[in-house]
Amino acid sequence: MPVSSLTAATGVAEPAPPLRSRARGRLFRKYAALLTGLVAFVLLASAVPDAWLTYRESQSALLAIQRARAETAAQQIWLYVREVAGHIGWMTQPQWESGPIEQRLLDFGRLLRQAPSIAEVSHLDDAGRELVKVSRGGPDIVGSGLDRSDEAGFQGARAKRY
């Protein structure tokens, strides 16, 4: 039997553990590592599909929330446009066109008071020249004759897109 160490108190040598018990310890560690690895693999194999499904569900929920917010925003924009169109609707009546310029200035001023979101109102003739302009930030202009026929708003109105 080989001598492994001397004890300090007695000075007698302790016998080394037998080879068979050391081999059993190494075999136990191998099986324990294999079993731990197998359990970890099974846990990972079951966790990956769950994680994927959770990810897909959260993406679907997020998409539904974004869609609902977009629909709400679209409805608010539509209501806003409808409100502004209601404010300016009475100004597009045929009898309004025949009134004096002073009446148009008063009507434009009233429109700006009723609809704070409108910052400027212009009246153009059929050729796109400016007849009257009332603005919140600037002076009222009558008969400037400014040619605005190239602007998208005038061209759209002529094509009845607005």
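Refer to the structure above for everything that follows.
Cut-offs used in this document
- Residues numbered from 1 in each chain as written.
- Predicted model: local features only at pLDDT ≥ 70, side-chain atom pairs only at ≥ 80, totals over all residues.
- Heavy atoms only, no water.
- Phe/Tyr/Trp six-rings, centres within 6.5 Å; stacked < 30°, edge-to-face > 60°.
- Helix = DSSP H or I, 4+ residues; strand = E, 2+ residues; numbered from the N terminus.
- Buried < 20%, exposed > 50% of the residue type's maximum accessible area, 1.4 Å probe, protein only.
- Salt bridge = Lys/Arg side-chain N within 4 Å of Asp/Glu carboxyl O.
- Pairing = 2+ DSSP bridges.
- Contact = heavy atoms within 4.5 Å.
- Axes fitted to C-alpha atoms, helices over the stretch in contact; angles between N-to-C directions.

Section: the packing of aromatic side chains
- Going through the model one piece at a time under the given rule, you end up with one aromatic pair.
- Where W52 meets Y55, the ring centres are 5.6 Å apart and the plane angle is 35°; that geometry is what we call tilted. One end of the pair, W52, and the other, Y55, are both in helix 1 (residues 19-89), three residues apart, so they sit about a helical turn from each other.
- Here W52 falls in the exposed class, since its relative accessible area comes to 52%.

Notes on the pattern of salt bridges
- If you walk through the whole model with that rule in mind, you get two salt bridges.
- Here D107 ties to R110 by a salt bridge, and the two come within 3.2 Å at their closest N and O atoms. Taken together, the residues D107 and R110, both in helix 3 (residues 101-114) and three residues apart, mark about one turn of the helix.
- For D107, a relative accessible area of 4% puts it in the buried group.
- A relative accessible area of 35% places R110 in the partly exposed class.
- Between E120 and K133 there is a salt bridge, with its nearest N and O atoms 3.6 Å apart. Highlighted residues: E120 in strand 3 (residues 120-124) and K133 in strand 4 (residues 130-135), separated in sequence by 13 residues.

Observations regarding the sheet that holds strand 4
- Pairing in this open sheet of three strands is antiparallel, and the strands run 3-4-5 from one edge to the other. Each edge of the sheet is formed by a strand with only one pairing partner; in this case those strands are strand 3 and strand 5 (141-142).
- Each of strand 3, strand 4 and strand 5 is contacted by helix 3, which is oriented at about 35° to strand 4, the strand it contacts most.

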